[in-house]
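# Structural overview for review
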Amino acid sequence: MTARDGVDVFLQADGGLADPVLVPVDGGGSDLVKGDVRLADLDGDGRADLVAAGVNRVVAYRSAPDATFGPPVLVEAASREQVEVGDVTGDGGPTS
């Protein structure tokens, strides 16, 4: 990902894509931010949450029922250019 102001997320609607939802990413603005993003249901609510890495931190944005994303939740304060999401506890989901 390379972003100036954030990440555009295109949600599925009526057999196509809805207008993008801009999720602001820390470090946006005049400087380019390089990193990685993943969509995964982190909290088991059936909606895809956004994980962004490479912005001097790894952050998660939980999705809301109204197709928006909440404020960033710090996962790690480190610069990363890749992020993967997976089931590390063996319970069938990314989190326990």
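Refer to the preceding data block for the structure.
As the structure is a prediction and not an experimental result, all values here were calculated from the model.

## Details of unusual backbone geometry
For Asp-14, which is not a glycine, the phi torsion comes out positive at approximately 50°. Inspection of the secondary structure assignment puts Asp-14 in the loop between β3 (12-13) and β4 (16-17).

## A short note on the pattern of salt bridges
Going through the model one piece at a time under the given rule, you end up with four salt bridges. In this structure, Arg-38 and Glu-84 form a salt bridge, with 3.0 Å as the shortest nitrogen-oxygen distance. Highlighted residues: Arg-38 in strand β7 (residues 36-40) and Glu-84 in the segment after β10 (69-76), separated in sequence by 46 residues. A relative accessible area of 28% places Arg-38 in the partly exposed class. Put simply, Asp-43 and Arg-62 hold a salt bridge, and the shortest N to O gap is 3.4 Å. A residue pair is termed long-range when its members are at least 10 positions apart, and Asp-43 in the loop between β7 and β8 (49-53) and Arg-62 in strand β9 (residues 58-63) qualify at 19 residues.

## Remarks on the environment of Arg-47
Looking at the secondary structure, you find Arg-47 in the loop between β7 and β8. Through-space distance from the C-alpha of Arg-47 to that of Pro-65 is 7.9 Å; in sequence the pair is 18 residues apart. With sequence-adjacent residues up to four places away left out, Arg-47 is seen in contact with Ala-40, Asp-41, Ser-63, Ala-64 and Pro-65. In terms of polar contacts, Arg-47 uses its side chain to reach the backbone carbonyl oxygen of Ser-63, at 3.3 Å.

Cut-offs applied
Per chain, residues are indexed from 1 in the order of the written sequence. Local features are withheld for residues below a pLDDT of 70 in this predicted model, meaning they are given only at 70 or higher, and side-chain atom pairs are given and counted only at 80 or more; totals for whole chains, interfaces and linings count all residues. Neither water nor hydrogens contribute to the side-chain values; these are computed over all heavy atoms in the structure. Strands here mean DSSP runs of E at least two residues long; helices mean DSSP runs of H or I at least four residues long; both are numbered from the N terminus. Salt bridges are defined by distance alone: a side-chain nitrogen of Lys or Arg within 4 Å of a carboxyl oxygen of Asp or Glu. Classification of residues uses two cut-offs on accessible area relative to the type maximum, computed with a 1.4 Å probe and protein chains only: under 20% is buried, over 50% is exposed, and between them is partly exposed. By definition in these notes, contact holds between two residues if any of their heavy atoms fall within 4.5 Å. Any N or O atom pair separated by 3.5 Å or less is treated as a polar contact, with the protein-specific requirement of one donor-capable and one acceptor-capable atom, and with residues adjacent in sequence counted only for side-chain atom pairs.

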